[in-house]
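# Overview (structure and organization)
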Amino acid sequence: MKHLSTAILTSAICLGLGSPALANRVFVSNEKGNDVTVLDSTTLEVIGHYPVGARPRGITISPDGKELYVCASDDDLVRVFNPETMEEMHTLPSGPDPELFVLHPSGNPLYIANEDDNLVTVVDTKTHKMLAEIPVGVEPEGMGISPDGKVVINTSETTNMAHFINSETYEIFANVLVDSRPRFAQYNDAGTKLYVSAEIGGTVSVINPETQAIEKKITFDIPGVLPEAIQPVGVRVTKDGKKVFVALGPANRVAVINGETDEVEDYLLVGQRVWQMGFTPDEKYLFTTNGNSNDVSVIDVAENKVVKSVPVGQQPWGVVVAPN
Amino acid sequence: MKGRIIILLAGLSATAPANAQQPAAQKTVQTVQAAVLRVDMPELPPISRLDTPPGDLGFAGARLAIEDNDTTGRFMGQDFDATEITATPETASAELDKLLAEGVSFVVTLANEEQTLKLADQAGDKALIFNARARGDRLRGADCRFNMIHTAPSHAMLADGLAQFLMWKKWTNWFLIAGSHPEDIALADAYRRAATKFGAKIVEERTYEDTGGGRRSDSGHVQVQQQMPVFTQRAKEHDVVVAADEAGIFAPWLPYQTWDPRPVTGSAGLVPHSWHPALEAWGATQFQNRFEKLATRRMWDEDYQTWLALRMIGEAATRTQSTDAPMLKEFMLSDKFEVAGFKGQKLTMRDWDHQLRQPILLTTGDVTASVSPQDQYLHQTSALDTLGIDRPETQCKF
């Protein structure tokens, strides 16, 4: 096995270096495999597997596509890679057990949730220095940021709240109680809605960012699936705000929601224990990480259809697609 | 607890401007008072010194729950407190009287079945009892009480959890070895019921008599190595040994000492638990870390079950935005209630016997080997109801 992956790795590096980037690279963090699987967004073929440190979970990329950030949870730091070569460039201090993070729309700074310390750590991606540590609720996990970069959202899993943080003063200015175990926070691009998923509660709260009031709670009902298995985690919204995708964990479905009415329109069958998702820049495809079936499902966004599943590494966790 | 909360609130009002979603700083803080009453029985030391109960058993779980509740509470204008009381069977009743006189409406008990039932009857409608230790099925059946909630899983739930896994392994022929104490016999009944329910066959049954005396002695293993093979020899062909040793007299000596080379399960080997300190799924790692930081030891079932009881109260207070005891009680017993417990799904209340539904962890010494319900067992309302006594078979009448 080891020889095989080394061989793949070597040939993949050659490939990556030798050919110009025609398609987008898709990066999938494999929590148990301690590596990142890179896919080609056009051919949907695996380009290679690259070691990235211990227990990689949250993964994101800079707006210019030049830096790939990976939460190496068991290394207690964020590792930064060259997305083309997958060589490590440097690391960022993250505080202990970083799980999920969000990048400021400008590419700097990076806001990291530290589950063990009830903190959100703010790190300058240029100077690699820690800018602030913000105390939040018990078990911070989900991180979101408003499109204008002014408000950072953190969800705390045991306190069951979305904390609204002023990104300039680092002060919490509002706390919104949502359902049990909030995992993820996602604004629409217009900044008019904030979606917060509650894994154990089984709902997605639609919050008005201006008033911080919950305007709607989206619930899910799938024939033949027991309610306990419906566990919303990752949320992604198309740029026009019209479609919202919610990964439903062990229900093995992604819900498609009308972003105007916030009504569920469809459920797409994907792999097992689907948690995180990422669009291609043209929003043709949405990739989902299926932790228990070791694959990603590829959803055709316009058609609401799963077109392919691609085996990746062991326990895929997060996914991001290069912007260029 | 109080001092800490005041500091937190002061910090909060300094950093947070007034907001509709931020009522805590302005509102007066309302307190929910609970108590944890542990009734310690005179007991012999356990077979293994690793199993010696810590002095703060259960209480450490309570402290973590209060911290967790208070973190949310500081945003809600709510404060939580739990008085910790250690009693003997002789003093338990007087201690409960004191709590009732103080107006405490929520009492978590860590006691055996007999004591738990007595305390529930004594509390009547003055307090809600959370049973965080006793696992007997009678407490959820013929002896159930409306004012008693069970966060400890029942024998039937634990036995069913193990049985589902054994059936999945196709280990369908069981050699059941039960102790001679009443609680062992009750546990063996739960395994017999589980065998019938899931289609296993108990091909051989033996009773391990407790003849008294200490459970360990210097070089005790020398005799055990002679006794256990002899005790287990010439059993009918079986796939697995199931030990029912609630009293803790013999089961830890079974693995590797049986006449036939068969895995041991039940009270030793593969053991069903409500909690295990090695569980890492579903955010449990952070929960374990927080507990270990606070208690400087690993979490036991009793800590988890106490934590769960107090978290139920906290969750009810958060959701109802109230500290009114009757309102919290009504909400906890309603079908709207759910609580997260680091077991991968919401935990809810069975309205027919007030047992909290929960997954059962199947553990070896070092790891959580599996979690039941197994995927193959389906149910029309909740997969968790494949574990334990379901609505149609309950003997509980409130």
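Quick caveat: nothing in here was measured; it's all calculated off a predicted structure.

This part is about the environment of S372 of chain B. Mapping S372 of chain B onto the fold places it in strand β14 (residues 368-372). Taking the C-alpha atoms as reference, S372 of chain B lies 5.1 Å from G161 of chain B; in sequence the two are 211 residues apart.

With that settled, the discussion passes to the sheet that holds strand β15 (residues 172-177) of chain A. Residues and elements named next belong to chain A. One open sheet accounts for four strands, arranged β12-β13-β14-β15; its pairing is antiparallel. Bordering the open sheet on either side are β12 (140-145) and β15, each of which pairs with just one other strand. Mean inter-strand twist for the sheet, computed between neighbouring axes without regard to direction, equals 20°. Here four bridges tie β12 to strand β13 (residues 151-156), and the two strands are oriented antiparallel to one another. What sits directly across from P140, in β13, is S156.

Residue and element names in this part refer to chain B. Listing the buried residues of helix α3 (residues 92-101) in full gives A92, E95, L96 and L99. For α3, the angular spread of the buried residues around the axis is 100°, confining them to a single face. α3 presents A94, D97, K98 and A101 as exposed residues on the side facing more than 90 degrees away from its buried surface. Elements that come into contact with the buried residues of α3 comprise β1 (30-39), β2 (78-87), β3 (106-110) and α4 (113-123).

What follows deals with the domain arrangement of chain B. Residue and element names in this part refer to chain B. As far as domains go, chain B holds domain 1 (2-153 + 276-358) and domain 2 (156-272). Each of domain 1 and domain 2 has a C-alpha centre, and these two points are 32 Å apart. Classifying every residue of the side of domain 1 that touches domain 2 by side-chain character gives five nonpolar, two polar and two charged.

Once that is clear, we can look at the sheet that holds strand β20 (residues 235-237) of chain A. Residues and elements named next belong to chain A. Within the open sheet, the four strands sit side by side as β20-β21-β22-β23. Their pairing is antiparallel. Strands at the two margins of the open sheet, each flanked by one partner only, are β20 and β23 (264-269). Taking the axes of each pair of neighbouring strands and ignoring which way they run, one obtains an average angle of 20° across the sheet. Note that strand β22 (residues 253-258) and β23 share five bridges and pair antiparallel. Note that in β23 the partner of I257 across the bridge is V264.

Here is what the cut-offs are and how they apply
- Residues numbered from 1 in each chain as written.
- Chains lettered and ligands numbered in written order.
- Predicted model: local features only at pLDDT ≥ 70, side-chain atom pairs only at ≥ 80, totals over all residues.
- Helix = DSSP H or I, 4+ residues; strand = E, 2+ residues; numbered from the N terminus.
- Pairing = 2+ DSSP bridges.
- Axes fitted to C-alpha atoms, helices over the stretch in contact; angles between N-to-C directions.
- Buried ≥ 20, exposed ≤ 12 C-beta atoms within 10 Å, placed from the backbone.
- Arc of directions from axis to C-beta.
- Contact = placed C-beta atoms within 7 Å.
- Domains from an automatic or database assignment.
- Nonpolar A, V, L, I, M, F, W, Y, C, P; charged D, E, K, R; others polar.

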